[in-house]
Amino acid sequence: MISRLTALLLLLLCLLAAAPPPTEAADVIKIGVLLPLSGPLAYEGGEVLKGFEAARVEQNEKGGLLGRQIEFVKGDAVDAKAAVSEAERLISVEGVKIILGTFSSVLSFAASTVAEKNNVVYWETGAVADSITARGYQYLFRNEPPASKLARAAARFGTVTAAETLGIPIKQFKVAVIGEDSSYGKAVSETVKTVIGEVGAQLVAYEFYEAATKDLSSLILRLKAKQPDALIPTTYVNDGILLHRQMKQFGLNVKVFVGTGVGHNTDKFKDAVGKDANGVIVSGWPSPTINPDYAKGLPAFLALYKRVSKEDIKSPHPFGNYNGAWLLWRVIERAKSADPEAIRTAALAMDEPEGFQPIGWGVKFAAAGAPNAGQNTRPDWFVEQWQGEKLHTIWPPKAMAKGIKVVLPFPQWSER
């Protein structure tokens, strides 16, 4: 009896030893994807997800990462509270060691704190508030430039370039700055305000409003009384559309309109306002018409995107966020592991020149002890303009497609 029992135990031990660990049996690398997939930012979150999905499909078709397929585990961060709870779920219940996200600065700031406490890599590809990378976190990395660079790109066109093009002395050039009142809107607007002071232009208005507002008429009437030459707003999509419609309704004309980011560089904005989009300048992700000699990964991405999403691209955000996920895959390959510490070491060791990433950026992350720990210090934002109801990249000059020129002044409503 004892010998039979011993034999059965030995057989069981052999079977257990021969079985692969659960993670290997699943043959996947699980990556948490945290985005606003419902609520007021669902459109923006969906555009980001399309970019992530294209990057996942492309890499899996090449054999995955480290010989394993990439699997996304999604979390819906509808607001900051949900971002925290979903980050906790992804880590404690789903067991992810890497979180990819998050689009919104408010969401990123909250969720990345949870990841840092758990030594989980938080790979940010869209949220831009400077404060996100000002906390000295070790496992937080952000590929895209911060809000201060987004603001400077907009302010550069909305002040110096515009004034020179229009032949107005900079000290006589009047600028109005407005924004929605989240950390994103305030961070961008504050830097725009700083640039206006640096170049010597006149700041004639500086105001904020709630992004969920349904009426901007009183703000627009106050701006109209100030008669600004340039308006530099920081908005999300819905309030950006509202602003444009009510500017037309109340006859607020400006010579230069320079948006910052998502509010004015998607087809949702163009579809809502039609030809009234023409002339709008915006800083942010590059348009699909960016010079492919600069963004060398664009042609292949556009074909991949159409195959995966079954549609033509409708905003610059899928390419920008595909690019961020693409870089994460490269880091994991160099780390030769999906372990957070190995990924952190590999990311900090990267030192790549301009042109390395599909979008045209280089790579050099600030170390944990730096004031902007985890920030990629090599990229800068692009500037685009709506012309003929298409978005065209107009800065930097080497990223501008052949035949594209900047059109100023911004057309008055009566001329459209």
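Only a predicted model underlies this, so the values are computations on that prediction, with no experimental measurement involved. (Residues numbered from 1 in each chain as written. Predicted model: local features only at pLDDT ≥ 70, side-chain atom pairs only at ≥ 80, totals over all residues. Heavy atoms only, no water.)

### Regarding the confidence of the model for the protein
- Scored by pLDDT, the protein has a mean of 93; 94% of the residues are at 70 or more.
- This stretch, residues 8–25, has a pLDDT under 50; its non-local contacts, to residues over four places away or in other chains, come to three contacts. (pLDDT = per-residue confidence, 0-100. Contact = heavy atoms within 4.5 Å.)

### With respect to the sheet that holds strand E9 (residues 256–260)
- The mixed open sheet is built from seven strands, whose spatial order is E7-E6-E8-E9-E10-E11-E12. On the outer flanks of this sheet lie strand E7 (202–209) and strand E12 (390–395), each paired with one strand and no other. For this sheet, the mean angle separating the axes of adjacent strands, direction not counted, is 25 degrees.
- On the sheet, helix H6 (residues 147–166) packs against strand E6 (174–180), strand E8 (230–234), E9, strand E10 (281–284), strand E11 (382–387) and E12 and is oriented at approximately 170 degrees with respect to E9.
- Each of E6, E7, E8 and E9 touches helix H9 (residues 237–249); the most contacted strand, E9, lies at about 165 degrees to it. (Pairing = 2+ DSSP bridges. Helix = DSSP H or I, 4+ residues; strand = E, 2+ residues; numbered from the N terminus. Axes fitted to C-alpha atoms, helices over the stretch in contact; angles between N-to-C directions.)

### Description of the pairing of strand E4 (residues 121–124)
- Burial of the side chains of E4 extends over both faces: Val-121 and Trp-123 are buried on one face and Tyr-122 and Glu-124 on the other.
- Examined bridge by bridge, strand E3 (residues 98–101) and E4 share four bridges and lie parallel to one another. By the bridge assignment for E4, Leu-100 is matched with Trp-123.
- Regarding the hand of the β-α-β motif, the stretch spanning E3, helix H5 (residues 105–117) and E4 is right-handed.
- With three bridges joining them, E4 and strand E5 (residues 140–142) adopt parallel strand pairing. From the neighbouring strand, Glu-124 faces E5, where its bridge partner is Arg-142. (Buried < 20%, exposed > 50% of the residue type's maximum accessible area, 1.4 Å probe, protein only. Right-handed = clockwise from strand over helix to strand, strands pointing away.)

### A few points about the side chain of Thr-125
- If you trace the backbone, Thr-125 turns up in the loop between E4 and E5.
- Polar contacts involving the side chain of Thr-125 include one to the side chain of Asn-321, which spans 2.6 Å. (Polar contact = N/O pair within 3.5 Å; in protein donor to acceptor, adjacent residues only side chain to side chain.)

### Examining the packing of helix H4 (residues 80–92) against H5
- Closest axis-to-axis distance for the H4/H5 pair is 8 Å, and the angle between their directions is 35 degrees. When you trace H4 past H5, the crossing you get is right-handed. Contact residues: Ala-80, Ala-83, Val-84, Ala-87, Glu-88 and Ile-91 in H4; Val-106, Leu-107, Ala-110, Ala-111, Val-114 and Ala-115 in H5.
- Along the lines of polarity and charge, the residues of the contact of H4 with H5 split into eleven nonpolar, no polar and one charged. (Left-handed = near helix turned anticlockwise from the far one by under 90°. Nonpolar A, V, L, I, M, F, W, Y, C, P; charged D, E, K, R; others polar.)

### A short note on the side chain of Glu-144
- In this structure, Glu-144 sits in the loop between E5 and H6.
- Of the buried charged residues, Glu-144 lacks a salt bridge, with Arg-142 as the closest side chain of opposite charge at 4.5 Å.
- Within polar-contact distance, the side chain of Glu-144 engages the backbone nitrogen of Gly-126 at 3.0 Å.
- In this structure, Glu-144 is in contact with Glu-124, Thr-125, Gly-126, Ala-127, Val-128, Trp-285, Trp-361, Gln-375 and Trp-381, ignoring residues within four places of it in sequence. (Lys, Arg positive; Asp, Glu negative; His and termini not counted. Salt bridge = Lys/Arg side-chain N within 4 Å of Asp/Glu carboxyl O.)

### Focus on the pattern of salt bridges
- On inspection of all chains with the given rule, the structure shows 19 salt bridges.
- The salt bridge involving Glu-198 is made with Arg-152; its shortest N-O contact spans 3.1 Å. In this pair, Glu-198 sits in helix H7 (residues 183–199) while Arg-152 sits in helix H6, placing the two residues 46 residues apart along the sequence.
- The salt bridge involving Glu-352 is made with Arg-334; its shortest N-O contact spans 2.8 Å. Of this pair, Glu-352 sits in the loop between helix H13 (340–349) and E11 while Arg-334 sits in helix H12 (residues 317–335); the two residues are 18 residues apart in sequence, bridging distant segments of the chain.
- Looking at Glu-352, the relative accessible area reads 16%, which means it is buried.
- A network of salt bridges, in which partner residues are shared, links Lys-30, Glu-86, Arg-89 and Glu-94.

### Looking at helix H3 (residues 42–61)
- With 20 residues, H3 should reach 28 Å at 1.5 Å per residue; the first-to-last C-alpha distance of 28 Å fits that figure.
- Summarising burial for H3: 14 of the 20 residues are buried, a large majority.
- Directly beyond the C-terminal end of H3, a positive phi value near 110 degrees is found at Gly-63. (Expected span 1.5 Å × (residues − 1).)

### Points about unusual backbone geometry
- A cis geometry characterises the amide bond from Gly-101 onward to Thr-102, with omega recorded as -5 degrees.
- Along the chain, Thr-102 turns up in the loop between E3 and H5.
- Cis geometry is found at the peptide bond from Trp-395 to Pro-396, where omega equals 0 degrees.
- Mapping Pro-396 onto the fold places it in the segment after E12.
- Although it is not a glycine, Asn-119 adopts a positive phi angle of roughly 55 degrees.
- With respect to the element layout, Asn-119 can be found in the loop between H5 and E4.

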